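Given next are the chains, with one letter for each unit.
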Amino acid sequence: MARVTLRKVVKRYDETLAVRGIDLDILDKEFVVLVGPSGCGKSTTLRMIAGLEDITDGEIIIDGETVNDVPPKDRDIAMVFQNYALYPHMTVYENMSFGLRLRRAPKEEIRTRVQDAAAILGIGELLERKPKQLSGGQRQRVAMGRAIVRDPKVFLFDEPLSNLDAKLRVQMRTEIKRVHQKVRTTTIYVTHDQIEAMTLADRVVVMNGGVIEQVGTPDELYHAPATRFVAEFIGSPAMNLVPCHLVETSSGLGLHLDDNLVLPVPADRIRRYQPYAGKSLLFGLRPEYMVERRVHTGPHQFDFEVLLEVIEPMGMDTFVHFLVNGMDVCARVNASAGARAGQRFTLCADLDHLHLIEHDSGKVL
Amino acid sequence: MVTGTRAAVGIASRGSIGRDRRRALFWSYFFLAVFVIFFLTPPVYMLITSLKTSAEISAATSPWWVFSPTLANYVELLTSSTYLTFFRNSALVALLVVAITMLISIPAAFALSRMRFWGSATLATGVFLTYLIPDTLLFIPLFKIFAFVREATGIELLDRWWLLVIVYPTLTIPFCTWIMIGYFSSIPKELDEAALIDGAGYFQLLTRIFLPVALPGVIAATIFAFTVSWAQFLYPMAFTTSADQLVLPVGIVTTLIKGDVFNWGQIMTGALLGALPPLVIYAFLMDYYIAGLTAGATKG
């Protein structure tokens, strides 16, 4: 078990900077997920921690030791790959015990450790099989077993669920979380799937273009995104973003979305937004904070009428889409609210949850 | 209504697929048959001739039938010490060449396909280019080199069977390295990365993970190296002359053709027997060759 620290880590491939000097501190026993679109540098970062890629600049510290020049085998880490990377000519038992056999661990110890790991993952009866006789989910379990058996300081996962079908992916996600709660090894997990990131992580690291956009708990990222990128990336359906003007009104500040829709800025935010009065900004509000009209429960709820364009029933809720200032906006209403396409409908926005984003910097104000 | 239409379409298309398939199968078998006849005629002719006496071969009877079959040619060859010497020389040369080739080609292919270092891509192409130089262009310069070595050091290389063990790898190593680079590159990189993280060094990675997984590729290269050394004619023809130093292909031609007398029965027998070892090796290794040993390594 160990702490992993990255200091100003840079990775350059010829002319392109894949990772542009990131700082990250991962605590002992923590489950950290690196998430971002493809090409954001998350996998490269993981591979540098594993020692599979050289570091162009900066420092990586595992358990107090700088490992920049330490080969992978001496870093005491275990990695689970997207395509499993099981040794095809070995049985499950041999696959799981390979690392221990290389280290010449006593036979008895190997046996107990493999059996313990197999028990944790429920693959005890597969130990004599070859990888090609296993299903995708079973192979993924074996790959995890191979990591657990080693009892390393750090687990690294590189998009381990991407090759599984949707249902199995959800199952294995729970499985990974359960395993981590049992073995409590420091874990760094890379995925492009923000739902995986949110559900698994103690802390999520959102990366984009080789830099870290934000580090935070899933809750923090969801409710207090630091940048436009994070606001758009986290959450499904994505946060609605509409261009607006911050204007002064008789009662304080207002968000001018279009000529028919001016939303009042909640009183407790006026001081925060005052410096930006008169500016053109981006208004952000998540779909679940726009619902059918109800008895108001909070002070900053605001009713407005829209023309519904598309209705998407999800069962429990219904997503309704309408246009504001030419932009598609989605709201999440109760399934029994009677929303119909082409109908005028009154929505209630909870402005306590609004975000204002600066156009140029992409910063959330 | 909808299902009815779909069912009708299904039947119609299935019928036409069946017809297409039958036609495709017919032509496949037709061309396969042509192919088989074309390639099996010479060995069959050789077998027939090898079972005949010299008298029957020169008689004006059908060349496609044996009227009084005899194993005399086989008995004579297999009890002749010169033929057995050729056989022994050929076998030694082929086995040693295969061993040397694999010892050099496997690490070379591994390095060129896996370790990125300065100039590795150029080197890989260079390896292949050397294979493109034909041996007909090389045997005279090589002869000169060997003569020079004798003058300079007093070591006689010419007319020694083991010289071929030194020369053949110049043909086999480039090609074997090249095909193994191709095969090794098809093995997912994650497999070595997993092994490296599991604690393997490069040597363990090669012997315990890489070679077992790459076995079909290695076997294909082995078959190639063996066939090349077994069937090579020009170099032994040029470099060896004494009867006890000859290998099979040259030995058969030089000892069984005396002036203008062709001992056809024995020539055919000798060639047939000489073709046996490659045949046995193909038959034995083909299973491995075809077996998809990498199946299950990754999703696929």
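*Asks:* Could you give an account of the layout of surface pockets, with specific residues and numbers?
*Replies:* By volume, the largest pocket is sized at about 740 Å³. Together, 26 residues line the largest pocket, and Gly51, Leu52 and Glu53 of chain A together with Leu196 and Tyr202 of chain B are the ones closest to its centre. Mapped by element, the contributors of at least two residues to the lining of the largest pocket are strand S1 (4-13) of chain A together with helix H9 (189-198) and helix H10 (202-213) of chain B. The class makeup of the residues in the lining of the largest pocket is 11 nonpolar, three polar and 12 charged. Along its surface, the second largest pocket is lined by Asp258, Asn260, Leu261, Phe304, Glu305, Val306, Leu307, Leu323, Val324 and Arg344 of chain A. Those elements giving two or more residues to the lining of the second largest pocket turn out to be strand S16 (301-313) and strand S17 (317-324) of chain A. Grouping the amino acids of the lining of the second largest pocket by side-chain chemistry returns six nonpolar, one polar and three charged.

*Asks:* Any chance you could break down the pattern of salt bridges for me, citing the residues and the numbers?
*Replies:* Tallied over the entire structure, the rule returns 19 salt bridges over all chains. Between Arg228 of chain A and Glu232 of chain A there is a salt bridge; the shortest N-O distance is 3.4 Å. Placement of both Arg228 of chain A and Glu232 of chain A in helix H8 (residues 228-233) is noted, with a separation of four residues, approximately one turn of the helix. Residue Arg150 of chain B is joined to Glu156 of chain B by a salt bridge in which the shortest nitrogen-to-oxygen separation is 3.1 Å.

*Asks:* Account for the domain arrangement of chain B, naming residues and giving values.
*Replies:* Residue and element names in this part refer to chain B. Here chain B is described as being made up of domain 1 (2-50) and domain 2 (74-290). Measuring from the centre of the C-alpha atoms in domain 1 to the corresponding centre in domain 2 gives 37 Å. Facing the five residues of domain 1 at the interface are six residues of domain 2. Of the roughly 500 Å² buried at the junction of domain 1 and domain 2 (both faces included), carbon and sulfur atoms supply 80%. Broken down residue by residue, the surface that domain 1 buries against domain 2 is led by Met46, Thr49 and Ser50, which jointly contribute 82%.

*Asks:* Provide a residue-level description of the pairing of strand S4 (residues 57-62) of chain A, including the pertinent values.
*Replies:* Residues and elements named next belong to chain A. Relative to S4, S1 is paired through five bridges, and the arrangement is antiparallel. The residue of S4 that forms the bridge with Leu6 is Ile60. Inspection of the sheet shows S4 paired to strand S5 (residues 65-66) by two bridges, in the antiparallel sense. Considered in S5, the bridge of Ile61 is made with Thr66. Hairpin geometry of S4 and S5 is characterised by an intervening segment of two residues between the two adjacent antiparallel strands and by a positive phi of about 50° at Asp63.

*Asks:* Explain the interface of chain A and chain B to me, using residue names and the numbers behind them.
*Replies:* Listed by partner, the interface residues are 28 residues for chain A and 24 residues for chain B. Note on chain A versus chain B: buried area summed over both sides is about 2300 Å², and carbon and sulfur give 61% of it. The interface formed by chain A and chain B contains two salt bridges. The residue Arg150 of chain A makes a salt bridge to Asp198 of chain B at a minimum N-O spacing of 3.1 Å. One can count nine residue pairs in polar contact (both at pLDDT 80 or more) joining chain A with chain B. Where the side of chain A that touches chain B is concerned, the elements lending two or more residues are helix H1 (42-50), strand S6 (77-80), helix H2 (92-102) and helix H4 (136-149) of chain A. Top element by residues in the side of chain A that touches chain B is H2 of chain A. It accounts for four residues. Residue composition of the side of chain A that touches chain B, grouped by class: 16 nonpolar, four polar and eight charged.

*Asks:* Let's hear about the packing of aromatic side chains: which residues, and what values?
*Replies:* All names here are of chain B. Applying the stated criterion across every chain, the model contains 29 aromatic pairs over all chains. Between Phe30 and Phe31, the aromatic rings sit 5.3 Å apart at their centres with planes inclined by 80°, giving edge-to-face as the arrangement. Phe30 gets classed as partly exposed once you look at its relative accessible area, which sits at 38%. A centroid spacing of 5.7 Å and a plane angle of 75° characterise the contact between Phe87 and Trp230, whose relative ring orientation is edge-to-face. Here Phe87 is found in helix H4 (residues 81-114), whereas its partner Trp230 is found in helix H11 (residues 215-231), with 143 residues between them in sequence. A relative accessible area of 27% means that Phe87 is categorised as partly exposed.

The rules behind each value
- Residues numbered from 1 in each chain as written.
- Chains lettered and ligands numbered in written order.
- Predicted model: local features only at pLDDT ≥ 70, side-chain atom pairs only at ≥ 80, totals over all residues.
- Heavy atoms only, no water.
- 1 Å grid on protein atoms, 1.4 Å probe; cavity = no way out; pocket = protein on both sides within 12 Å on 5 of 7 lines; lining within 4 Å.
- Points joined across faces, edges and corners; volume = space filled by probe spheres on them.
- Helix = DSSP H or I, 4+ residues; strand = E, 2+ residues; numbered from the N terminus.
- Nonpolar A, V, L, I, M, F, W, Y, C, P; charged D, E, K, R; others polar.
- Salt bridge = Lys/Arg side-chain N within 4 Å of Asp/Glu carboxyl O.
- Domains from an automatic or database assignment.
- Contact = heavy atoms within 4.5 Å.
- Buried area = accessible area lost by both parts, 1.4 Å probe.
- Pairing = 2+ DSSP bridges.
- Polar contact = N/O pair within 3.5 Å; in protein donor to acceptor, adjacent residues only side chain to side chain.
- Phe/Tyr/Trp six-rings, centres within 6.5 Å; stacked < 30°, edge-to-face > 60°.
- Buried < 20%, exposed > 50% of the residue type's maximum accessible area, 1.4 Å probe, protein only.

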